[in-house]
Structure formats: structure tokens, C-alpha cells
2 protein chains.
Amino acid sequence: MTAQNNKIARRDFLTSIGKAVGGSAMLRAMAAMGIASGASACGSSSAASVPAAPPPPPPPPSGIAQARPGDWPANVGSGRSVLILGAGISGMTAAWEMRKLGYTCTILEAQASAGGRNKTIRSGDTIDEIDSSQTCLFDVADDLYLNAGPSRIAHHHEFLLGYCREFGIDLETFTNSNHGAWMHSTSTFGGQPQIAKQIFTDTRGNIARLLATAINQNALDQELSATDKSNILQMLGTFGDLDTGSGYAGSSRAGFPGQMNAGSRRRGERVTPLQLQELIADTFWELRASFSQGFEQQPTMLQPTGGMDKIARAFESRVLAETVFEAQVSEIRKTASGTRVVYSDRFGTPTTIDTDFCIVTIPATVLASIANDFSAAHQAEIAGFNYTSAVRAGFQSRRFWEQDHNIYGGISWTDQEITQIWYPNYGFGKTDGIILGAYIFGGVSGDNFANLSPAQRIGSIQSQANNVHPEFNAEASRGISIAWRKMPFQLGGWGTSNPATLLTPDANIVFAGEHLSMLQGWQEGAILSAYHAIDQVVMLS
Amino acid sequence: MTAQNNKIARRDFLTSIGKAVGGSAMLRAMAAMGIASGASACGSSSAASVPAAPPPPPPPPSGIAQARPGDWPANVGSGRSVLILGAGISGMTAAWEMRKLGYTCTILEAQASAGGRNKTIRSGDTIDEIDSSQTCLFDVADDLYLNAGPSRIAHHHEFLLGYCREFGIDLETFTNSNHGAWMHSTSTFGGQPQIAKQIFTDTRGNIARLLATAINQNALDQELSATDKSNILQMLGTFGDLDTGSGYAGSSRAGFPGQMNAGSRRRGERVTPLQLQELIADTFWELRASFSQGFEQQPTMLQPTGGMDKIARAFESRVLAETVFEAQVSEIRKTASGTRVVYSDRFGTPTTIDTDFCIVTIPATVLASIANDFSAAHQAEIAGFNYTSAVRAGFQSRRFWEQDHNIYGGISWTDQEITQIWYPNYGFGKTDGIILGAYIFGGVSGDNFANLSPAQRIGSIQSQANNVHPEFNAEASRGISIAWRKMPFQLGGWGTSNPATLLTPDANIVFAGEHLSMLQGWQEGAILSAYHAIDQVVMLS
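Quantities reported herein were computed from a predicted structural model and do not represent experimental measurements.

> Account for the relation of the copies chain A and chain B, naming residues and giving values.
Between the two copies, chain A and chain B, the superposition gives an RMSD of 0.0 Å; the rotation angle is 180° and the shift along the axis is 0.0 Å. Taken together, the rotation and translation relating the two chain copies correspond to the operation of a two-fold axis. Proximity to the rotation axis, assessed at the C-alpha, singles out Leu211 of chain A in chain A; its C-alpha lies 2.6 Å from the axis. Same-surface contact between copies: 100% of interface residues of chain A are shared with the interface of chain B.

In C-alpha cells:
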């Protein structure tokens, strides 16, 4: 998701969740200036028909800028009803928070359980895509599971982590960058996987050496003073583990010969450094070596102990009374006073619900096919919203990566379609584990794999993974895959278009979901988007 | 331990454990060539009086060079007795493995429990130094503990990890480098702590920008071809997150404004990059930014769930029948046929044990005061062996670092004496946690703190930690400290001298312990040293 993250980070903040925060903050600022009618300033088409804007939330407790739903008065939603479409993270967040504000909430969820793309696969679970069905054949054990959707939480995803704390969900560390894992390019180093620490170390060493050479040749004298030069040469020595003469002849940081296989006793010896020309010939190495520097990908990252769906289950249990399961929405309409939704219940019976407000968290890919009264602009943005075609597959295997290769968690990279191999960050030392044989996030490869049958996918993944770990075919079995493009109520991995119109209400209908946040593809984004939707409803109330 | 690691890595392999492996390998090679009397080749002074050398171990199973005790024939020690002094990791490893080889083993341990420096402090435990005693006042909870000695396991410490697997010890990830933790220099950036990700990111950005500038000025044309230049410029763009023009104006990798405090909603904005001149003016930043690149410090690192002493307890339970506790050794002697040791039992009664062999794992600092028959060379090396003066202190506190600062595990650095602040890598989300307020590894600071009373240490640590986290004084309490220099049966943190004579037997006495390995200060080193001792005894048998 490197490219994705760069895009998010570079996106104009105001076009996404920032706009929501800005709107809320603007309202507060206006209120502080004695301008009470904040709602109409937010562009709501129904602003004229609703009561005066509610009082703004109190100032945040300690001078910190905040935009939490709890900032709104507890009774702000009394006597108001809200229908929430979708019991994913955003929908459940909205219900959980709006109940605290006095709203009467109902959630319609198309499936038999909540969580949306927050999905963990264990023994006996099924993955039912639109044209195939698979059953998980893993053994039954606490640590034998596959997180099919979100799998990691950045340390600054503080709202999600706050809910984990509030709900008592045990967390453990997720390793994104394991220097003992491997990188594999079919076109470089003879197609042999390289241990990550050597890529990292020799990249740093070569960069430091070249810069030191240039500085020693006085090439940067226009910019650097004599003191700067002395200081930066010293810094480069540490950064790249250079020799005293600012040369680079390899480093103990790269490990020792034979380290990719357990049993090498050659510690204290150095491995021969990789050639700079090979390290720079293929962008694969530079992209992968910088992956865990990304905004969302840096350590510490976290995961719930026992599976990501611990979060889904914790939310679900708290909004269970408000949730109607197996309710498939067929129409979303505006009424004179609010909204009307028609859905089929679990017996196929059409049912109509009228509420004051509706929060739509249904993915745009699915929403596009539901009859609605949305404005043409809203409809157009929904119809054109792009999603990734994320694919994952898990296999049960002897933990050969731990026992034979000293790999404990983290990710190996390959330039083949399977992209990533994930090793479990839990259950260390157990006999078997679930290894993620592929994580394809988008692009042509994602669509290609989605269009294969489950058996074809597993065969292809086995074959590619075997090019990284030659024991993969023999050791890993019981493969099960998920192609989010083909999951019936998702039809995609995560949104990738820049949202605009969908960030604004359409009469009393507001929109939410990870795709409408600046953290697309992350649960924290779903939560921030829910907060945005709550702010909009409060301001419309 | 950066400097320490560099030293270890640079040390000639053959002067340390490599010598042992070399010896064993040499024996096998000689055997393969039909030269059977390997023992005398190892320099044993008693080689002439023992039976012919045992058959060499079988070749390793899969072509991998190995030097595991299990490679020796199972009956190689039948009818032979070994006395092991010290039930630390090396002593217990020796007993556990030598029993498998047929030796009759006895361990003498001075204290009432095993583990040596593998020590975890929980509610009610005492720390009894030579001139003070402290009781741990932490609350009783699974996650409220302080690892007073070793605390992390490198992913390539495969023998220790192998025992964890064999003994069924649960492991979890230890985070050494948390990009959300802080770095604090009293002399730079106005003494304000900086978030690690900004130091890392701006360091990379500035280095990449400067090198790109030099390359674009053709300063490296002697070394780089046109293709190289193009490729490396592209690589630098990714490495440093440079602009398209190879400039550096900050990066989303550095996070967002206000990120050091929970509640900032300013994602999507960039922080202003730190000035290169400040980043290079103080070696503090460069040393700390490169710490987790070190050979022993790279991810993945691991720890036993529930405390490092899970390892000590697992070993202890397996050698319990062979261990005499509270047995303080007073004499170590040579006899005509083996060794004689005198110790005081728990009632102070002197007792004598005669065995064929003796393995001495007592730290050199303690061993120097025990009457012995060692050769003058062995005595001299023992007397001059240097140890660090490691100091640690733990405090119970509300997890303000998680709740208020989004810090989940890892280490913050300061240039004050306390050096490091560690956040627990477990129990995330709980109300309270044990925060390590100081980890001083050696140097003048270590001795200074060792010489303070426990109360003085805690006061000083509180004061320094408060300069990093201004809430420390108010939130953290119940401080308890350990100065390994003053622990009666250790008298030091870990060995730092280069071993030489102690790697060779003295008659039927052999020596072991972390200080005699190339991984000084690590449990893996203690294990490798035990394997070395076993090889020596086998070759003497």
C-alpha cells in the first residue's frame, strides 16, 4: 500500500475527513463568535427545515483540538431516529456513539454477522464469493486463523485503539518489517531471495559511502560549512557503518554467512556486501526497503490477540439490540421529513423503515446497484468510485520459517503477483501456523486472481510462493483464498477515489465508510468517517 | 549496547566461541581423515590420562554446519561425573544437554532459585544487593513485572529460541524500535523530546537530498555511469521521500503536527522538517537512530510472555533433581583423577564433592575470590575480567504513554544518565503498566548509580525521566532498582573483556558463561558457551 499511502498523505486534507473536522471546528468557531446557525453553512439542502443548530460541543478538555462525538451534548439526539445501513466498523461506530448522544439507532446488516471486511477465518468458516464457496480446513486452535481483511493497526490510530481499550480487547504487536524476512526479485541476484537486513544495510552503507565521497571531494562546499562537513561525515559513519576512511566493506548489521538457514555458526564473519549496481537496477528493492517507513506502516503496529474480528465482535455485542441481520436494502428514499428505506428481511419479506436520518455505509460498489433518490452528483460519485481488488490466501503449514529460517513474523516480498508472504506474529514456537501465501492489493494482479477459481488461485500461489520458499509446496496446504472484488456485500478491497460530494449530506442522508476518509483501507478511517457522519447528522438535527 | 555490539562483531571469531566450534570441527575433520586422537590436539593437559578420544559426532543431517551437543553419541559420557558451578542459563544448559550424553551431572547454585541474571521482579519479590534490600510493591497482575536482566531475544538466537520451542514457552514480540517513541537530547532542539519517526525520516531525507545534489552536480561521475546515476536518483527519491526535483521539504513519514499527544486531528498536514545542522550537531541522534540496525538489535526480537524468567523456570524444572540450592562454593581444586569442590550448604556445613570434571559458570567477578588451583594464566584472566555496571529501575504507572502519547512499547532515548525509558510490550490497553525508567548499561553512570542508595537512585531517575515525560513524577511510583554490580553472586552486568585462556580447559576444569562467548551479555551467548564447555569435556573424556 505504499503508493496508496503516498497518495493519501499528499491529498489535500480539506477534501477528505479534514473537511469534516474543519466543518465541525468552523461551527464551533462560529458559535464562539455568536453566529448560531452553523448548519446552513455546511451546505445541507435541508438546513432550512430543521430546528436551530444545536449548541456546539464544549471546548476540548486540555487545549487539544478534538472532534470526538462525545464533545456534543449528551441529549443532542433525543427524539431523533437514525437508520444506519451496514454493520461494518463505521456503521457500528456510528450506532455506538449516537446512542450516547440520545439518538434512536437501527442498523440494517445484509449478512448474518457484523464486521464487514473485518473478517477472520477459522476452521469450518466459509468464504462465499459471488461465484464460489470455500470451507476453511485449518485445524482448530487459537492461533490458526487468517485475518482476511484488516490485519494491523498503526500506533497513531488512536480512536480504534481507544475502542480496544474501552472494550477490553487484548492487543499484541504486529511486525511489519522483520529484518530476518526475505526479499525476492525474479530478475536480480539470480532470482535468489535476499535477507532483508542485508538489503537495508548495504543500501545504507552505499548511500553513506557515496555521500561521504562527494563531501570529501568538496562537492557540497557551497551548502556545507567545514563544521557541517565534519559532523555529517561522522553521522554517515554511524548511519552506514562505514570504515574509518568512509569506505564501505560490508557490516555486521547485514548478519553472518548462512544466516537464512538455521544452523549456521558463522557469527562474527561478515557477508560480502551486495553490489550497488544490483541494488539500484530494480526499483523493487528500493520500494520494499522503504515500505515500513510509510506513514501508516511504521512500528509499533498492533493486532488483537486471537484475530482482528475480536474488534468486530466487541462492537457487535454492544449494538446487537439495534441491529437487524440478513436485511438486504433495496431502496433508499428521501421523504418530506426524513428518509425511507426498504429492505428484504431474512425471509425475503420487503419491509419499510422511516427515520429522521439515514447513514449509508454501504460500499460504493454495492450502493451503485440499490435504487435511491440521491442527487445526480451523489449518484455520479458513487457510480465512478474505484476500489482495489485485494486478494489474500492463507495456508496451514509446519512453521518451517521459524524452525529452519529464524523468521518470526513479518513479511517477505516478491516481485511476483503474490507480492507478499506473511508469517504469523503470534503462536511463535507452535508446531503449525497459518502462513499468508499471498497478499495482492489491487492492480491487474488482483483482478486476475479474483477471476480465477479458488483452486486455480491456490495452485498459482503455491507455485509462486515456492519460488521464495522452496519448501512451500511440500509444507503448506489447506489453502483458502478471498478476493474482495467477489465478496457479495463488499465487491472490492477499499476505496481509492478521492471523495468529494459524498462528504456532504444529501438532504437527511449522510454517507460514511473507509472510502470516505483520508485513511482509506484502514479501520481508523472507517471510524473517522463515522465521526464525520455523526457531526453532519448533529448539525442537521 | 551499540558500541559493545560493534566490538563483538569485529572481534576475531577464532578468539571466542568460534575457537570451540573450530576445535570441534577440527576433531571431526581429523576423524574423517583417520586421525583418531583428537583430544590431545585440543591442548588438554590431561589428554594422556584419559581413554582414547570418543568417536566424532555424526555428520549434520542436511549439510548444514552444526555444533550441537546432540551431535555427540548418546553414551559418550556414561560413567563420567560432572559438577557444574552455577545454575544460570549456561550451567543449566550444560546439565540438560550432558545428561542426554550419559554424564552424571550435579549443579551447585549459591542462591535459592536458578536463572542467574535471568530475573523477573514481581509484587513481593526482593532485590537484595550487597548493601541494601528492596521489596517490589507493584500490584499483583500478570503484566506487572520488571525483567531485571535479559529482556529480549534476537530472531537469530536460534538455540535459545529452540529451547523455548522444546519447553513450550510462549513468546511474543519485543519492540526495540518504536517510531512513535521519543528521543531527547538536553542540548538540541531546545531540550524538547522529538518523535523518533521525525528523526529517522529527516535524517534519511537530508542524506538523500545531499547525495542527489552531488550526483546532479556530476561530482560522482568517476564512479557512477549515466545509468547508475539515473537509477540511484530514483532510489534516493524513494529512500528519502524526495520531491520530484530531488529536494526535501519534509515527508508524511515524519507524521503529522501534534502527533506526540493523542487528540491531534491534523493528519494530512506535514510537520516542518528538522534542520540538518541540528541533526548532525550532536552524535546522540545518529547513534540512537542507528541503534536498531545493530546485529543483535534488529526486528524481529522476542520475549517470553509473562516474563523472561519463564525460561529460567523451564530449565530449572528440568534440572531440579541435579541441583543443590544455597550451596556457596569456597574451593575449586584439581585432583589426580578429576576435580574437587568444597561448598557450604544452606546450614553453613562444608561439603566436598569429587567428580571427573567441573564446569565453572560463576562470573569472573565472583570467581576471583574463590580459592582455587587454576593455572596462573587462568587466574590472571579471571582477575582482570571486566564487567559492565548495568542498572535498571521499574515503576508502576498509569499507561500515560499509550493513552496520551500513542506510544505502544519500544524505547525512548535520552542523553541523560538514565539513557533509556522502556514501555511494556505487553498488556497493551490495561490501566497500569511497568515502565522502565532507566536502563544504564555500563560506564561511569552505571557505577554512579550502583553507588547510590535505592532511594537516591529512584529520586534521580524520577527527576531525569520527568525531563522526557513531564508526567513521570506524578504518574510513576513504587520504583525499584537493580544494580548488577552490587548483586552478590553476579557483581556485574555482563563480561566485556576478550576471553582467551578461559576458553581452554585447565586440567579437567572448563569454564563457561556469557562472558566467554562472542555474544557477551546475551543468553544465547551463555548457551553457546555451554556448548563449548560440553565439547571440551567430551574431548577430555
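The structure having been displayed, the exposition proceeds.
> Could you give an account of the packing of helix α4 (residues 89-100) of chain B against helix α10 (residues 309-319) of chain B, naming the residues involved and the relevant values?
All names here are of chain B. Running from N to C, α4 and α10 point in directions that differ by 40°, and their axes come no closer than 10 Å. Here α10 runs oblique to α4, going by the angle between their axes. Read as a crossing pair, α4 and α10 show a hand that is left-handed. In this structure, α4 uses Ile89, Met92, Thr93, Ala95, Trp96 and Arg99 to contact α10, whose residues at the interface are Ile311, Ala312, Phe315, Glu316, Arg318 and Val319. Looking at side-chain class alone, the contact of α4 with α10 contains 8 nonpolar, 1 polar and 3 charged residues.

> Describe the sheet that holds strand β11 (residues 301-304) of chain A, and please don't skip the residues or the numbers.
In spatial order, the strands read β7-β11-β8 (chain A); together these 3 strands make up an open sheet with antiparallel pairing. Each having just a single partner strand, β7 (153-154) and β8 (171-174) of chain A make up the two edges of the open sheet.

> Can you tell me about the interface of chain A and chain B, naming the residues and giving the values?
Taken together, the contact between chain A and chain B spans 89 residues of the former and 89 residues of the latter. Here chain A packs against chain B, burying approximately 8400 Å² in sum over the two surfaces, 56% of which is carbon and sulfur. Considering only the surface of chain A that becomes buried against chain B, Arg165, Arg265 and Arg267 of chain A emerge as the three largest contributors, covering 10% of it. Across the contact surface, chain A and chain B share 4 salt bridges. In this structure, Asp170 of chain B and Lys430 of chain A form a salt bridge, with 3.5 Å as the shortest nitrogen-oxygen distance. At the junction of chain A with chain B, the criterion picks out 26 residue pairs in polar contact (both at pLDDT 80 or more). Here the element with the most residues in the side of chain A that touches chain B is helix α6 (residues 196-216) of chain A; it accounts for 9 residues. Looking at the side of chain A that touches chain B, its residues break down into 35 nonpolar, 33 polar and 21 charged.

Quick notes on the rules
- Residues numbered from 1 in each chain as written.
- Chains lettered and ligands numbered in written order.
- Predicted model: local features only at pLDDT ≥ 70, side-chain atom pairs only at ≥ 80, totals over all residues.
- Heavy atoms only, no water.
- Least-squares fit on C-alpha atoms with pLDDT ≥ 70 in both.
- Contact = heavy atoms within 4.5 Å.
- Axes fitted to C-alpha atoms, helices over the stretch in contact; angles between N-to-C directions.
- Helix = DSSP H or I, 4+ residues; strand = E, 2+ residues; numbered from the N terminus.
- Parallel < 35°, antiparallel > 145°, perpendicular 65-115°, else oblique.
- Left-handed = near helix turned anticlockwise from the far one by under 90°.
- Nonpolar A, V, L, I, M, F, W, Y, C, P; charged D, E, K, R; others polar.
- Pairing = 2+ DSSP bridges.
- Buried area = accessible area lost by both parts, 1.4 Å probe.
- Salt bridge = Lys/Arg side-chain N within 4 Å of Asp/Glu carboxyl O.
- Polar contact = N/O pair within 3.5 Å; in protein donor to acceptor, adjacent residues only side chain to side chain.

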